[in-house]
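Below, each chain spelled out in residue letters.
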Amino acid sequence: MLVRAITAPGLRRWCRGRRGAALACFPLGRALLGVRGAEAAVFLQGLLTNDVTQLVAAGDAPPALYAHALNVQGRCLYDVILYRLHESAAEEPHILLECDSSVLDSIQKHLKLYKIRRKVTITPCPDLSLWAVIPGEQPGDASSLPKSADQALLLTPDPRAEVMGWRLIAKKGANLSEIIPGSQVGDVQDYHRHRYKQGIPEGVKDLPPGVALPLESNLAFMNGISFTKGCYIGQELTARTHHMGVIRKRLLPVRFPAPLPSPGIPEGAEILTESGKPAGKFRAGGAELGIALLRLAHANEPLCIKLGGDTVKLSASTPEWWPKAAAK
């Protein structure tokens with residue numbers, strides 16, 4: 001079933017503001033699961049950090065939500081984006097769940113473990129393709145996006161942050177030049193470089209299952225958590241940390257002064273201050289950009305990673321899209 005394109009007023013305003021910037025479409029290696037049935041939202045509500053019932057609410061329901069599935073210790077298992085495919089609250093709930101393709105089997109098992117007798121079907125969607133759409137620097141007219149998006153199954157602003165552009169879901173093999181005239185298919189590595197520059201984690205490398213904590217991973221900054229929704233798996237530690245108001249470490253974008261030496265920085269490498277104090281852990285990256293979990297007390301200091309006998313320098317920064325109070 002084809003669904004009307006999502007073109008929120010905020011999307012139109014941003015398009016007008018980005019007039020003259022060509023749009024790059026990046027094919028993502030993320031998987032999509034269809035979660036459908038009368039109890040789909042209620043079922044997901046108990047497993048995810050965000051308020052999934054928003055997707056089935058009457059009125060101005062959001063087209064997409066970001067969330068994490070946590071383990072009982074409150075650590076991230078899966079980062080997901082949910083998309084609403086049903087058009088009204090009167091229809092049977094139909095939700096698409098985007099996840100890292102490497103955990104597709106395990107997330108299906110996780111969902112089916114808690115499904116029990118709920119009226120829900122969980123089905124992979126290999127016939128669909130997922131794209132990130134991000135304005136570039138080359139000449140073009142981004143204002144054409146909302147008008148030509150009706151050929152897409154779904155087009156919606158990325159729910160995590162405005163700097164991430166849009167998410168586009170289409171049938172496999174769809175002609176992107178017809179869906180978004182004037183757009184260009186980009187190298188997915190450039191998409192990941194953009195993510196790292198903005199400090200946006202995505203997938204198991206950036207958010208190691210059973211290791212990453214949601215608030216340290218900036219989940220609240222990315223609209224991925226509700227502190228009023230009620231119980232879900234892993235809520236206790238997350239709520240306690242939030243109400244204490246003390247978060248000493250966060251994921252931050254990092255930059256190296258030159259492209260990394262081959263074979264690159266190992267994931268989990270320890271980051272040190274110049275005086276040798278532990279400052280955090282490197283998560284993942286590409287070329288001179290990456291993302292790391294850092295102690296905020298050391299985030300503005302010169303940092304380094306010891307690789308054998310070599311010392312690799314790096315620096316961290318605070319993303320501009322963060323809430324102003326968080327940047328202090």
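Now for a look at the structure at hand. Computed from a predicted structure; not experimentally measured.

On to the layout of surface pockets. If you add up the space inside the second largest pocket, you get close to 490 Å³. Together, 25 residues line the second largest pocket, and H192, R195, Y196, E202 and K205 are the ones closest to its centre. Sorting the residues of the lining of the second largest pocket by element identifies helix 6 (188–198) and strand 13 (278–286) as the ones contributing at least two each. Of the residues forming the lining of the second largest pocket, the biggest block, six residues, is contributed by helix 6. Looking at the lining of the second largest pocket, its residues break down into nine nonpolar, seven polar and nine charged. Taken domain by domain, the makeup of the lining of the second largest pocket includes at least three residues from each of domain 1 (21–242) and domain 2 (248–316).

Strand order in the open sheet made by the five strands is 3-4-5-2-6, with antiparallel pairing throughout. Among the strands making up the open sheet, the edge pair consists of strand 3 (64–70) and strand 6 (121–124). Strand-to-strand twist in this sheet, taken as the mean axis angle between neighbours without regard to direction, amounts to 30 degrees. Relative to strand 4 (residues 76–84), strand 3 is paired through seven bridges, and the arrangement is antiparallel. Residue pairing in the sheet places A69 in a bridge with Y78 of strand 4.

By size, the foremost hydrophobic cluster in this structure holds 56 residues, and its most contacted members are Y83, I169 and I271. Here this core gathers at least three residues from each of two domains, domain 1 (21–242) and domain 2 (248–316). Contact partners of Y83, with chain neighbours within four places excluded, come to L32, P63, A64, H94, I95, L96, E98, L130, L154, T156, R167 and I169. Grouped together as the second largest cluster of nonpolar side chains are 28 residues, L55, L77, L111 and I233 included.

As a further point, take the side chain of D206. Position of D206 among the secondary structure elements: in the loop between helix 6 and helix 7 (235–244). Here the side chain of D206 touches E202 through a polar contact of 2.9 Å, landing on its backbone nitrogen. Setting aside anything within four residues of it in sequence, one finds D206 in contact with R195, Y196, I200, P201, L251, R283, A284 and I291.

Once that is clear, we can look at the environment of I305. Structurally, I305 is set in strand 15 (residues 303–307). You can call I305 buried: its relative accessible area is 1%. Distance from I305 to T273, taken between C-alpha atoms, is 8.8 Å for residues 32 residues apart in sequence. Leaving out residues up to four positions away in the same chain, I305 has contacts with F256, I265, A269, E270, I271, F282, D310, T311, V312 and L314.

What follows covers the sheet that holds strand 9 (residues 166–171). Pairing within the open sheet is mixed, and its five strands lie in the order 8-9-7-1-10. Because the sheet does not close on itself, it has two edges, and the strands there are strand 8 (154–157) and strand 10 (184–185). Relative to strand 9, strand 8 is paired through four bridges, and the arrangement is antiparallel. Note that in strand 9 the partner of L155 across the bridge is L168.

What counts, and at which threshold
Residues numbered from 1 in each chain as written. Predicted model: local features only at pLDDT ≥ 70, side-chain atom pairs only at ≥ 80, totals over all residues. Heavy atoms only, no water. 1 Å grid on protein atoms, 1.4 Å probe; cavity = no way out; pocket = protein on both sides within 12 Å on 5 of 7 lines; lining within 4 Å. Points joined across faces, edges and corners; volume = space filled by probe spheres on them. Helix = DSSP H or I, 4+ residues; strand = E, 2+ residues; numbered from the N terminus. Nonpolar A, V, L, I, M, F, W, Y, C, P; charged D, E, K, R; others polar. Domains from an automatic or database assignment. Pairing = 2+ DSSP bridges. Axes fitted to C-alpha atoms, helices over the stretch in contact; angles between N-to-C directions. Core = buried A, V, L, I, M, F, W, Y, C linked by side-chain atoms within 4.5 Å. Buried < 20%, exposed > 50% of the residue type's maximum accessible area, 1.4 Å probe, protein only. Contact = heavy atoms within 4.5 Å. Polar contact = N/O pair within 3.5 Å; in protein donor to acceptor, adjacent residues only side chain to side chain.

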